[in-house]
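# Secondary and tertiary structure notes
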Amino acid sequence: MIITGQLVRIDRSSNVAESQRGSAEQRNAVRIIPGYLRIEGNRIAEVVEGEISERADLGGPDYLICPGFIDTHLHLPQFDMIGSHGLPLLQWLDEVTFPSERRWEDPDYARTMTNRVIDQCFAHGTTSICAYATVHHSGAVAALEVAQQRNVRGVIGQVLMDRQAPDYLLRPAQLQIDETRRLLDRFPPGASLAAAVTPRFAVSCTGELMNAAGELAKERDAVIQTHLAETLQECDLVQNLFGGVSYTDLYRDAGLLTPRSIFGHGIYLDSSDCKKIADADSIIAHCPTANSFLRSGTMNRAALLQSSVKLALGSDIGAGYERSMIRVARAMIEAASSLGESFPSAAEALWQITHGNALALGWPDRDRFSSDEQADVLVIQPNVVWLYGEVDPLSKLMFSWDDRWLKTTIVAGEASYSST
Ligand code: GUN
Ligand code: ZN
């Protein structure tokens, strides 16, 4: 298959840490260049720059050809509860989220729902995810099986909780750890789709559960996903539950502060927290749409970058209400602008949802349009004149984005979504 158009290419830095933390120029290393991709099987076989192919199966001179987007923080079981507006985090969890997650006690429900969710991800250009399932082991297995069948890359974790949630979601700590170990056996770290160790957050985990989670993640070199410092009320509760220990120290002491750790939110972190997170090479998944939806606060992106914290970006569905990573990227620009701090350019935002988030997942630091990469490709036809004009083309695409522009989502070489 040949796909032609304006290719989004990344001028990669030779150094992963540098490109996450480096100068704006490094993060702005996104080029648009006419060219084409030749796809064979599930891989990119050839990348040609400088000419629009006459023999193309998809695309054309005014199409944008982009790597699939990566969403580094979302909750699969929460897609049907998007939009429950007005409640702060802890009340939203109790009244909306936990009852909704209960449905995943039926693995058939989890399987069908995961298929529906993946349809929605593909229809918005997301081909790779870092996702939470629920506490239910067979539901998490079903989600991983479906995602694997559909060639989604990334991680999915069974949520770990042993307190501060309704009884119907609580299970003994050791049982949950054993279940996660079995998941890691079946979907080992390093595979294109792997299980992750996923303690929900310190509020709903005892020290015993967090310590065991930290040990298991270390033993298997697994990705760790959890939430950190999303609201002030949550931070106070953590202090009360753990005798005043700082939230970040708590995670560090449990072995959860690792280069493979992805912490959702990270709004209420002081400079010493940031230093610990940066020193550990852990990642904060910024979730701007969820932060505004739950009125949790605005993460100070510039301050975190200044402290050398690695950042990723996530939709955090269902607290986040945008399925499209372009819209989440736009929210990131707007959140930073609202603080009056330096804000990311459209190029940096596009870099984040493609290359930047790939680095957070530990993928090699190379252009996703390189030969032998899995062919996850978006064929986008903007219905505005975007290439020729006074406005920066990427800025125009970001801010005039219309979901209907996405014509085809190729996942592992197959057209997995096409608009009619
Ligand atoms: N903190 C603990 N669980 C959750 C969740 O499901 N969503 C969000 N936004 N924050 C959380
Ligand atoms: Zn979340």
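Residues numbered from 1 in each chain as written. Chains lettered and ligands numbered in written order. Predicted model: local features only at pLDDT ≥ 70, side-chain atom pairs only at ≥ 80, totals over all residues. Heavy atoms only, no water.

## Considering the overall build of the protein chain
Regarding its fold elements, the protein chain presents 15 helices and 15 strands. Based on the C-alpha atoms only, the size of the protein chain along its principal axes is roughly 65 × 45 × 40 Å. When each of the 420 residues of the protein chain is scored for burial, the buried share is 60%. In the protein chain, the proportion of contacts linking residues at least 24 apart, taken out of those at least 6 apart, comes to 77%. (Helix = DSSP H or I, 4+ residues; strand = E, 2+ residues; numbered from the N terminus. Buried < 20%, exposed > 50% of the residue type's maximum accessible area, 1.4 Å probe, protein only. Contact = heavy atoms within 4.5 Å.)

## What to know about the site of ligand 1
The environment of ligand 1 is formed by His75, Gln78, Leu89, Trp92, Leu93, Arg200, Phe201, His227, Glu230, His265, Asp316 and Ala319. Measuring from a nitrogen atom of ligand 1, one finds a side-chain N or O atom of Glu230 at 2.6 Å. In this structure, Asp316 approaches ligand 1 through a side-chain N or O atom, which is 2.7 Å from a nitrogen atom. For ligand 1, whose free accessible area comes to 280 Å², the fraction covered by protein is 100%. Tallying contributions element by element places helix α3 (residues 89-101) first for the shell around ligand 1, with three residues. (Near = heavy atom within 4 Å. Polar contact = N/O pair within 3.5 Å; in protein donor to acceptor, adjacent residues only side chain to side chain. Areas by Shrake-Rupley, 256 points an atom, 1.4 Å probe, with all protein chains shown as cover.)

## Focus on the pattern of salt bridges
Per the counting criterion, the structure on display carries 28 salt bridges. Among the salt bridges present, the one from Arg220 reaches Asp185, with a minimum N-O distance of 2.8 Å. Of the two residues, Arg220 sits in helix α7 (residues 207-220) while Asp185 sits in helix α6 (residues 173-186), which places them 35 residues apart along the sequence. For Arg404, the salt bridge is made with Asp402, and the minimal N-O distance between the two is 2.8 Å. Judged by relative accessible area, which is 64%, Arg404 ranks as exposed. Overlapping salt bridges, with partners in common, bring together Asp178, Arg181, Asp185, Glu219 and Arg220 in one network. (Salt bridge = Lys/Arg side-chain N within 4 Å of Asp/Glu carboxyl O.)

## Things to note about the packing of α6 against α7
At a minimum axis separation of 10 Å, α6 and α7 run at an interaxial angle of 20°. Between α6 and α7, the crossing angle belongs to the class labelled roughly parallel. The way α6 lies across α7 gives a crossing that is right-handed. Contacts between α6 and α7 involve Ala173, Gln176, Ile177, Thr180, Arg181, Leu184 and Asp185 on the former and, on the latter, Glu208, Leu209, Ala212, Ala213, Leu216, Glu219 and Arg220. (Axes fitted to C-alpha atoms, helices over the stretch in contact; angles between N-to-C directions. Parallel < 35°, antiparallel > 145°, perpendicular 65-115°, else oblique. Left-handed = near helix turned anticlockwise from the far one by under 90°.)

## Structural notes on the coordination of the zinc ion (ligand 2)
Only His73 (NE2), His75 (NE2), His227 (NE2) and Asp316 (OD) from the protein reach the zinc ion (ligand 2) as donors, at distances of 2.0 to 2.4 Å. In this structure, the zinc ion (ligand 2) is coordinated by four donor atoms arranged in irregular fashion, with angles at the metal of 90 to 163°. For the zinc ion (ligand 2), all donor residues lie on one chain, and their spacing in sequence is H-x1-H-x151-H-x88-D. Note that His75 is positioned in strand β5 (residues 69-75) and Asp316 in the loop between β12 (310-313) and α13 (325-338), a separation of 241 residues in sequence. Overall, Asp316 belongs to the buried group, its relative accessible area being 3%. (Donors = N, O, S within 2.8 Å, 3.2 Å for Na, K, Ca; no water. Tetrahedral: all angles 85-135°; square planar, octahedral: opposite > 155°, others 65-115°.)

## Quick word on the environment of Pro34
With respect to the helices and strands, Pro34 occurs in strand β2 (residues 30-40). Sequence separation between Pro34 and Val8 is 26 residues; the distance between their C-alpha atoms is 9.0 Å. Those residues in contact with Pro34, other than ones at most four positions away along the chain, are Gly5, Gln6, Val48, Glu49, Gly50, Glu51 and Ile52.

## A closer look at the sheet that holds strand β3 (residues 43-49)
Pairing within the open sheet is mixed, and its seven strands lie in the order β3-β2-β1-β4-β13-β14-β15. A strand with exactly one partner marks an edge of an open sheet, and here the two such strands are β3 and β15 (414-418). Within the sheet, the average angular offset between the axes of one strand and its neighbour, ignoring direction, is 35°. Pairing of strand β1 (residues 2-10) with β2, which is carried by nine bridges, proceeds in the antiparallel orientation. When the sheet's bridge partners are listed, Ile2 is paired in β2 with Arg38. Along the sheet face, helix α4 (residues 107-123) touches β14 (406-411) and β15 and points at about 120° away from the line of β14. In the packing of helix α14 (residues 346-360) onto the sheet, contacts are made with β1, β2 and β4 (58-67), and the angle to β1 comes to roughly 110°. (Pairing = 2+ DSSP bridges.)

## Some points on the packing of aromatic side chains
Going through the model one piece at a time under the given rule, you end up with four aromatic pairs. Judged by centre distance (5.6 Å) and plane angle (10°), the rings of Tyr251 and Phe263 are stacked. With Tyr251 in helix α9 (residues 247-253) and Phe263 in strand β10 (residues 261-265), the pair connects residues that are twelve residues apart, well separated along the chain. Neither residue differs from the other here; Tyr251 and Phe263 are each classed as buried. An aromatic cluster is present here, built from Tyr247, Tyr251 and Phe263 joined pairwise through their rings. (Phe/Tyr/Trp six-rings, centres within 6.5 Å; stacked < 30°, edge-to-face > 60°.)

## Here's the deal with the pairing of β12
For a regular strand, side chains alternate in direction, first toward one face of the sheet and then toward the other. Of the two faces of β12, the one holding Lys310 and Ala312 and the one holding Leu311 and Leu313 are both buried throughout. Inspection of the sheet shows strand β11 (residues 283-286) paired to β12 by four bridges, in the parallel sense. Residue Ala285 lies in a different strand from β12, and its bridge partner there is Ala312.

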